[in-house]
Amino acid sequence: MAEVITDKIAGRGFKVLLILTLLVPLFFLIDLFVGSYYISIPEILKAIFRSGNADHQVVLIINQFRMPKAVTAILAGAALSVAGLQMQTVFRNPLAGPYILGVSSGASLGVALLVLGTGGLLGGSIVSAASSWGIVAAAWLGSGLILLLIVLISVRIKDIMTILILGILISSAISSVVNILQYFSNESTLKSFVIWTMGSLGSVTNSQLSVLIPSVLIGIGIAFVSSKFLDAFLLGENYARSMGMNIRFARMMVFLSTAILAGSVTAFCGPIGFIGIAVPHIARMVLQTAKHSLLVPGTILTGALMMLVSDIISQLPGSERILPVNSVTALLGIPIVIWIIIRNKNSSRI
Amino acid sequence: MTNTENKIITLNNASIGYQQKGNTSKVVKSGISLHALQGELVAVIGENGVGKSTLLKTIAGFQPPVSGDVLIGEKQVNRYPEKDLALMMSFVSTEIIRVPNLSVFDLVSLGRYPHTNWFGKLLDEDRHIIEEAIKAVGLQGYENRMVNHISDGERQKVMIARSLAQDTAVIVLDEPTAFLDLSNKYGIVHILHQLAGEKGKTILFSTHDLTTAIAESDRVWLMLHDSVEQGAPEDLILNGNFDNLFHNNHLFFDQEKGDFRIRKQTRRKAVVTGAGIKRDWTVKALERIGFEVVDETHLHRNESMISIEPADSRWVLKYLEHSAVFDSLHSVCRYLNNLR
């Protein structure tokens, strides 16, 4: 009897996952459709499947611009959400997110040093030379250094709350350094830095995708194989240890995955806020489970969907203008987070 | 006691405490020699701050002993690899677990952690063990309830079911009844008693609730300020060890009732006539407000006597030449308090 009901609940999980799996390609198609230049759906499909009679210009727009942007949206949404899920579970805090360990401030320091530092020293002309690859490399280096620091701290320090506080302090300290760099930089370099901090899905090229895709897949793969660890973390570290988990190893796996996911997305797209905090809660709610074997795929799909929706909204369908995607995700995510806080007031703790 | 019996937990001249900076350590308690046999329910009793939690954490392997031996089976607890220890011993903490969207079944299934593969896949055998564990704590039908939607008592039973599902010879529980009402306290300790007796598990739990501990445990580890004593609860009562539990002159251990009572300054003496339960509770009421109840013959001739006679549905009070009739003990007490 009980087993039947348990199966029913698991059945609900799979049903939700199936619906999400169908929604993602649908919104992917809508995202390809939305843009300043009108292209009909059949033409888009023709361009995607390289049908012989596809219009050359349409193929160019789809393949070089809209397709990489939509793929980036899926990658960024999935990556940030899974990173957020892992942080919420490990820190047992519903407001933890992918950037809580300071990954994004590390990336912004790298970019600030490159854009503002070199721009300030050698004049504005160098900024254009700091190609998009340069920015990516700088951001990656910055978040990589923070990752290294966090992993070192997590191996040495036992108490998870201490790690959380250190993460917050480190990212505040780095932000101040970035502020100082901003203060001493000139207008044009400052503007290009500020634009980076607004986040963008559109600047990722096909060749950059060949780096972003495997990075995100590796990070997600680690999250998948960590789902048993994550389940144990739900009860706190003492219980996890009493059930035979190697805390330090498990923590390192989770931090590694989070840093790879959040670090590479931030490197290519700039910091994108609130998706990583809000999506895991939506996934928990629609799946009605706390088991990570379901939550990890659910969060990946919900995150991809949320990011596609944000990208569609940021195009302001019917207009020529584009909003910074970071503002859209914040405006979508913050009400969700507020709702979660109010709803969970009595049964808090993730 | 014979040495052939199977000691599951053994502490041999152990010191417990915390590691501090620079290789020094703060010793909370030293010279601890205790043991527990297979199938015993062991209550750890002691005043706050005497080191109960530290002792349980040391036995559970969360922190190493400062010196001496802490053995689980025949091996030092901190020599076990994590997974081997998890197959030998499970742990239930004081903390209330409130994870949203976590069902009772899923929480109990976490107990199978050391038994399942890398992805935590449950086999039919695992499911059977989980169902049995839920049944053992009397929560059948709760499988799909969410753990943050059940009562504290039920949640504590779920945590015990989780440790049962872990299928270990030893279960260590840190104050499992701390936040519970009286009926749940009895319920939990009774379940522990049954599990120890019927499933042959060695169960160690710390508690402040003497009455349930004395009624249900096979062995008590009594943590006093200068020593640690062990034995059947009744032995410890008879040899007077319980008297030293608290450093508090206002408390004394009532050996007949098996619990602590507050020592009251008795101001006056009174005689209660009659017999039976009505007299017993009249005596208790008078003791509560500071009277010493004596026999008539013990009164000195010059002492003024208050005599109370419980009758059918009233109390007749005589004091010097006064006499008064009351319809409840509450009004008797009010009257006597005003006599001061």
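Since the structure is predicted, the reported quantities are computational estimates derived from the model, not experimental observations. Sequence order as written defines the numbering, with residues in each chain counted from 1. Written order decides the labels, with chains lettered from A and ligands numbered from 1. Given that this is a predicted model, residues contribute local features only at a pLDDT of at least 70 and side-chain atom pairs are listed and counted only at 80 or more, while totals for whole chains, interfaces and linings are drawn from all residues. In computing side-chain properties, one takes all heavy atoms of the structure into account and sets aside hydrogens as well as water.

A few points about the pairing of strand β9 (residues 219-223) of chain B
Residues and elements named next belong to chain B.
Argument step 1. Residue exposure (1.4 Å probe, protein chains only): buried if accessible area is under 20% of the type maximum, exposed if over 50%, otherwise partly exposed. Helix and strand definitions follow DSSP, with helices as H or I runs of at least four residues and strands as E runs of at least two, each counted in order from the N terminus. Most of β9 sits out of view: five of its five residues are buried.
Argument step 2. Side chains Arg219, Trp221 and Met223 of β9 all project onto a buried face; the interleaved residues Val220 and Leu222 project onto the opposite face, where all are buried too.
Argument step 3. At least two bridges found by DSSP between two strands is the condition for calling them paired. Strand direction decides the pairing type here: strand β3 (residues 41-46) and β9, joined by five bridges, are parallel. Note on β9: the bridge partner recorded for Val42 is Arg219.
Argument step 4. With four bridges joining them, β9 and strand β10 (residues 228-231) adopt antiparallel strand pairing. Considered in β10, the bridge of Trp221 is made with Gln230.
Argument step 5. Here β9 folds back onto β10 in antiparallel fashion, the turn holding four residues.

Some words on the domain arrangement of chain B
Argument step 1. The source of the domain bounds is an automatic or database domain assignment. Split into domains, chain B comes out as domain 1 (7-100 + 168-260) and domain 2 (268-339).
Argument step 2. For domain 1 of chain B and domain 2 of chain B, the distance between their C-alpha centres works out to 44 Å.

Overview of the sheet that holds strand β15 (residues 306-310) of chain B
All names here are of chain B.
Argument step 1. The sheet built from five strands is open, its strands ordered β14-β13-β15-β16-β17 with mixed pairing. Two strands lie at the open edges of the sheet, namely β14 (291-293) and β17 (322-326), each paired on one side alone. Strand-to-strand twist of the sheet, defined as the mean angle between neighbouring strand axes without regard to direction, takes the value 25°.
Argument step 2. Relative to β14, strand β13 (residues 268-272) runs parallel, the two sharing three bridges. Following the sheet pairing, Ala270 is matched in β14 by Val293.
Argument step 3. Residue contacts are counted whenever heavy atoms from the two residues lie within 4.5 Å of one another. Note on method: axes are straight lines fitted to C-alpha atoms, helices fitted across the in-contact stretch only, with angles between N-to-C directions ranging 0 to 180 degrees. Contacts from helix α10 (residues 329-339) reach β13, β14, β15, β16 (315-319) and β17, with the element oriented near 15° to β16.

Looking at the side chain of Asp231 of chain A
Argument step 1. Its place among the elements puts Asp231 of chain A in helix α10 (residues 227-233).
Argument step 2. In this tally, Lys and Arg are treated as positive and Asp and Glu as negative; His is ignored, and so are the chain termini. Here, a salt bridge means any side-chain nitrogen of Lys or Arg that lies within 4 Å of a carboxyl oxygen of Asp or Glu. Although buried, Asp231 of chain A forms no salt bridge, and the nearest oppositely charged side chain, Lys291 of chain A, lies 6.6 Å from it.
Argument step 3. Discounting residues that sit within four places of it in the chain, Asp231 of chain A has contacts with Ala290, Lys291 and His292 of chain A together with Leu110 of chain B.

Some points on the interface of chain B and chain A
Argument step 1. Chain B puts 37 residues into the contact, and the matching count from chain A is 35 residues.
Argument step 2. Buried area: the sum, over both parts, of the accessible surface (1.4 Å probe) that disappears when the two are put together. Where chain B abuts chain A, roughly 3,300 Å² becomes buried across the two surfaces, and 58% of that area is made up of carbon and sulfur atoms.
Argument step 3. Of all residues in chain B, Asn101, Tyr113 and Trp118 of chain B give up the largest surface area on contact with chain A, accounting jointly for 23% of the area buried on that side.
Argument step 4. Arg92 of chain A is the salt-bridge partner of Glu95 of chain B, the closest N and O atoms lying 3.1 Å from each other.
Argument step 5. Side-chain atoms alone can form a polar contact between residues adjacent in sequence; in general such a contact is a pair of N or O atoms within 3.5 Å, and within protein one must be able to donate a hydrogen while the other accepts it. At the boundary of chain B with chain A, the tally comes to 10 residue pairs in polar contact (both at pLDDT 80 or more).

Some points on the nonpolar core
Argument step 1. Membership of the largest hydrophobic core comes to 150 residues, with the highest contact counts inside it found for Phe91, Met245, Phe255 and Ile272 of chain A together with Ile45, Val108 and Phe242 of chain B.
Argument step 2. Per-element accounting of this core gives the leading share, 17 residues, to helix α3 (residues 56-91) of chain A.
Argument step 3. Once residues lying within four places of it in the same chain are set aside, the contact partners of Ile272 of chain A are Leu80, Tyr99, Leu201, Met307, Val325, Asn326 and Thr329 of chain A.
Argument step 4. Only buried residues count toward a nonpolar core, which is a set of Ala, Val, Leu, Ile, Met, Phe, Trp, Tyr and Cys residues joined through side-chain atoms within 4.5 Å. Counting residues in each nonpolar core, the second largest holds 29 residues, with Ile32, Val70, Tyr80 and Leu204 of chain B among its members.

Regarding the sheet that holds strand β1 (residues 7-19) of chain B
Residue and element names in this part refer to chain B.
Argument step 1. The strand order across the open sheet built from four strands is β2-β1-β4-β5, with neighbouring strands paired in antiparallel fashion. With one partner strand each, in any of the chains shown, β2 (25-37) and β5 (75-76) form the two edges of the open sheet.
Argument step 2. Those strands touched by helix α1 (residues 52-59) are β1, β2 and β4 (67-72), and its axis lies near 120° from that of β1.

With respect to the packing of aromatic side chains
How two aromatic rings sit relative to each other is given by the distance of their centres and the angle of their planes.
Argument step 1. Aromatic pairing here means that ring centres of Phe, Tyr or Trp (its six-membered ring) are within 6.5 Å. Orientation follows from the plane angle: under 30 degrees is stacked, over 60 is edge-to-face, and everything else is tilted. Within the structure shown, the criterion is met by 12 aromatic pairs over all chains.
Argument step 2. Relative to Trp118 of chain B, the ring of Phe229 of chain A lies with its centre 5.6 Å away and its plane at 65°, an arrangement referred to as edge-to-face. Within this pair, whereas Phe229 of chain A is found in helix α10, its partner Trp118 of chain B is found in the loop between α3 (104-109) and α4 (124-136), the two belonging to separate chains.
Argument step 3. Taking the relative accessible area as the measure of exposure, Trp118 of chain B reaches 43% and is therefore partly exposed.
Argument step 4. An aromatic cluster is present here, built from Phe229 and Phe249 of chain A together with Trp118 of chain B joined pairwise through their rings.
Argument step 5. Of note, Lys278 of chain B hangs over the ring of Trp315 of chain B, and the distance from its end group to the ring centre comes to 4.5 Å. A positively charged side chain is recorded as over a ring if its NZ (Lys) or CZ (Arg) lies within 6 Å of the ring centre. The angle to the ring normal must also be within 35 degrees.

A short note on the side chain of Asp126 of chain B
Argument step 1. Mapped onto the elements of the fold, Asp126 of chain B is located in helix α4.
Argument step 2. For Asp126 of chain B, the residues in contact, after removing those within four places along its chain, are Arg112, His115, Thr116 and Lys121 of chain B.

Overview of the environment of Gly138 of chain B
All names here are of chain B.
Argument step 1. As for its placement among the helices and strands, Gly138 is situated in the loop between α4 and α5 (152-165).
Argument step 2. Judged by its relative accessible area of 47%, Gly138 is partly exposed.
Argument step 3. For the pair Gly138 and Ile72, spaced 66 residues apart in sequence, the C-alpha separation works out to 29 Å.

Overview of the pattern of salt bridges
All names here are of chain A.
Argument step 1. Tallied over the entire structure, the rule returns eight salt bridges over all chains.
Argument step 2. The salt bridge involving Lys69 is made with Asp311; its shortest N-O contact spans 3.0 Å. Taken as a pair, Lys69 in helix α3 and Asp311 in helix α14 (residues 292-314) lie far apart in primary sequence, 242 residues in all.
Argument step 3. Taking the relative accessible area as the measure of exposure, Lys69 reaches 15% and is therefore buried.

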